[in-house]
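Overview (structure and organization)
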Amino acid sequence: MAPTVLALSTEILIEILILLPLRDVITCKLTCKRLHDVVAQSQQLQYVVQTMLAGAYDPLLPGPTIPERLEALHRLEDSWRDLNIQQRTARIAHGSAWPLLNYAIRDDYLLAVRTDSQVPNQPPGYSYIDLRQPLPYTDLPWTKIDAVWQDQHCVFAFAADEHDLAVVVTCARGEEISRAEVHCLSFISGDVHPLAADPNMVINFPKPSCPYKIYVQIMGEHILLSCNGSPNDDRQVDLSVLIKWKEGQVIPICHDPPPAMTYGVGAAQLSASHFAFVRIDQNAIILYKLADGTKPLQELRTLGLPPLCDGGRLGYAQSVSEQQPASPRSPSPYGRPPPRLPFVPNPDDAIVCFILGVGLQDIPAASMTVAIVTHRHALLALADAPASAERFVPWDRWGPAATRCLEVPHWRLCHGPTGQRWGKVVGESVVLRDFSPHRVRAAQLHPRADTRVVVAPTLLTAGLCFRDDVETRLPYAERTAPCPRRWERVLMDGERLLGLCLADGGDSAEIDVHVMGS
């Protein structure tokens, strides 16, 4: 009789089970007493199951013990559930008023980005604070990097941990612009990046134009550059390219320059090789795959968005996705302190938000802004369908069950999603929407006064912009917590919540820092 898997030692069974998805681990636990006992009695497996339920990923590198990791995970989850932000961990002051800077959190850095040199005494550039410094925070110093392009409009993107990379796209001001330049710098020092094939790459526009919107983001080994032409000029065109910055190769997303506002702003990164664009002119989401060889960019499928009514139009679109983290515990070559936690939000469980500005062609006031929220794995499942599957998927065949469509009139006050959570400031409170299936079920089982569980469909009625009623059913839990003082905006990553507020009558900015689970 051939040996079965049950003949393997307990240690080998644990190593196998750790590699399985959560559903398969639970299935194995129900098959027989031996596997039930292996799962139930292994601290390591129990911890891995808890990280899966929390939407976290831990590569289990040497460091804290399993009980220490489990305790840190429970503290973090409890802290996000309770959302007590009345007592801050630290306060960061900055000498410039908040509206003149763009703040973000990236790779455990707090960033303050200056995109324009027309502000007196503020050349374009960026400043950063390393939030990995040990708690309690006392004096967090800013490191300031000034750009050398004083008379240019600058747009920035960062991949600090993965590549020590800061990308700066510069272009002249004016109505007839013929090119943009893409500069690759070291994030830490601001010097030319040593791995860039062409640290000052020139991207020529198809025709001289006045870009309505320039957007840049880093996706692994690629830089995505999007330039939208002005929607009020029929002569304008869009430019969207991918740049292999280590090779100096430019890959056009559309070979024939499309009319202005054909593509939405930015792309939603779904994995290291997949991303999604909104095609405004088609009212659809296009799924792409990066590949090697003669065809480096493959268009996989087209997902229809809710059909628009007669005279309806999609006037604006932006894709917002969770950060694709690098290896969470890789040692820093720059002597940076190690992360406080051994785990990060699992990118496979991340959510994606498509922000759509919809309205009527002839009535500008008849408009609304909606966010379509879904999970990365739902889009990846559609992208990886067999080649024989239909290339176009209508909205009613994928959207209602896999998404939640929400009105978001003040979406620019929302920070990008992280850990399946999406937060915003509403009046004097922080509202946090959590799309984790496990946490939604837990909120249903343990009701709280400050938490609203939404499982009933959201309905956007037909007539104003959409042809049919738009009904979506992705469950979420919504938590509301009062701000300790007036916040203008909130920033989040997997373990921190930061509130931005104007102080001293608006002459300076302060940032309240809350380290969750500390």
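For clarity, every value in this text was computed on a predicted model and none was experimentally measured.

So, on to unusual backbone geometry. Despite not being glycine, leucine 60 has its phi angle at roughly 60 degrees, a positive value. Residue placement: leucine 60 occurs in the loop between strand S1 (56-57) and helix H5 (66-82). What makes leucine 60 partly exposed here is its relative accessible area of 26%. Not every positive phi belongs to a glycine, and asparagine 283 is a case in point at roughly 50 degrees. Tracing the chain through its elements places asparagine 283 in the loop between strand S16 (274-279) and strand S17 (284-290).

Let us now look at the packing of helix H1 (residues 10-18) against helix H3 (residues 33-41). Contact geometry of H1 with H3 gives a least axis separation of 10 Å together with a crossing angle of 75 degrees. As the angle between them shows, H1 and H3 are arranged roughly perpendicular. For the pair formed by H1 and H3, the contact residues are Thr10, Leu13, Ile14 and Leu17 on the first element and Arg34, Leu35, Val38 and Val39 on the second. Here the residues of the contact of H1 with H3 are counted per class, giving six nonpolar, one polar and one charged.

Moving on, we come to a nonpolar patch on the surface. On the surface, Val5, Leu6, Leu8, Ile12 and Ile16 cluster together into a nonpolar patch covering about 360 Å² of accessible area. Tracing the chain through its elements places valine 5 in the segment before H1.

Let us look at the environment of histidine 36. Among the structural elements, histidine 36 can be located in helix H3. Taking relative accessible area as the criterion, histidine 36 reaches 34% and is therefore assigned partly exposed. In this structure, the C-alpha to C-alpha distance between histidine 36 and valine 25, residues eleven residues apart in sequence, is 9.7 Å.

Here we come to the side chain of asparagine 346. Along the chain, asparagine 346 turns up in the loop between strand S20 (344-345) and strand S21 (351-360). The exposure class assigned to asparagine 346 is buried, which follows from its relative accessible area of 17%. A polar side-chain atom of asparagine 346 sits 3.0 Å from the main-chain amide nitrogen of aspartate 348. In this structure asparagine 346 touches Gly55, Ala56 and Tyr57, once residues within four positions along its chain are discounted.

This part is about the nonpolar core. Core analysis: the largest hydrophobic core is formed by 32 residues, its most contacted members being Ile285, Leu287, Phe354 and Leu356. Contributions of two or more residues to this core are made by S16, S17, strand S18 (297-304), strand S19 (312-321), S21, strand S22 (363-375) and helix H7 (376-383). When near neighbours in sequence (up to four residues on either side) are disregarded, phenylalanine 354 contacts Ala268, Ala276, Val278, Ile285, Gln318, Ser319, Val370, Ala371, Ile372, Thr374 and Leu379. Membership of the second largest hydrophobic core comes to 24 residues, among which are Ala180, Val182, Ala196 and Ile214.

What follows concerns the sheet that holds S18. In spatial order, the strands read S15-S16-S17-S18-S23; together these five strands make up an open sheet with mixed pairing. Looking along the sheet, the strands with just one partner apiece sit at the ends: strand S15 (268-269) and strand S23 (392-393). With two bridges connecting them, S18 and S23 associate as parallel partners. Looking across to S23, one finds that threonine 302 is bridged to phenylalanine 392. Of the strands in this sheet, S15, S16, S17 and S18 touch H7, which is tilted by about 110 degrees from S18.

Applying the stated criterion across every chain, the model contains 15 aromatic pairs. Taking 5.4 Å as the distance between ring centres and 85 degrees as the angle between the ring planes, the aromatic pair formed by tyrosine 109 and tyrosine 128 counts as edge-to-face. Here tyrosine 109 is found in strand S4 (residues 109-114), whereas its partner tyrosine 128 is found in strand S5 (residues 125-130), with 19 residues between them in sequence. Just as tyrosine 109 is buried, tyrosine 128 falls in that class too. An aromatic cluster is defined as three or more aromatic residues linked by ring pairs; in this entry it consists of Tyr109, Tyr126, Tyr128, Phe156, Phe158 and Phe187.

Let's shift gears to the sheet that holds strand S27 (residues 451-454). Across the sheet, which stays open at both edges, the four strands sit in the order S25-S26-S30-S27 with antiparallel pairing between neighbours. Each end of this open sheet is capped by a strand with a single partner; those strands are strand S25 (421-426) and S27. The sheet shows a mean angle of 20 degrees between the axes of neighbouring strands, direction not considered. Both strand S26 (residues 429-434) and strand S30 (residues 476-482) contribute to a ladder of six bridges, which runs antiparallel. Residue pairing in the sheet places serine 429 in a bridge with proline 482 of S30.

What counts as what
Residues numbered from 1 in each chain as written. Predicted model: local features only at pLDDT ≥ 70, side-chain atom pairs only at ≥ 80, totals over all residues. Heavy atoms only, no water. Helix = DSSP H or I, 4+ residues; strand = E, 2+ residues; numbered from the N terminus. Buried < 20%, exposed > 50% of the residue type's maximum accessible area, 1.4 Å probe, protein only. Axes fitted to C-alpha atoms, helices over the stretch in contact; angles between N-to-C directions. Parallel < 35°, antiparallel > 145°, perpendicular 65-115°, else oblique. Contact = heavy atoms within 4.5 Å. Nonpolar A, V, L, I, M, F, W, Y, C, P; charged D, E, K, R; others polar. Patch = residues over 30% accessible without salt bridge, like charges linked within 9 Å, V, L, I, M, F, W, Y side chains within 5 Å. Areas by Shrake-Rupley, 256 points an atom, 1.4 Å probe, with all protein chains shown as cover. Salt bridge = Lys/Arg side-chain N within 4 Å of Asp/Glu carboxyl O. Polar contact = N/O pair within 3.5 Å; in protein donor to acceptor, adjacent residues only side chain to side chain. Core = buried A, V, L, I, M, F, W, Y, C linked by side-chain atoms within 4.5 Å. Pairing = 2+ DSSP bridges. Phe/Tyr/Trp six-rings, centres within 6.5 Å; stacked < 30°, edge-to-face > 60°.

Distances and angles like these do not, on their own, reveal function.
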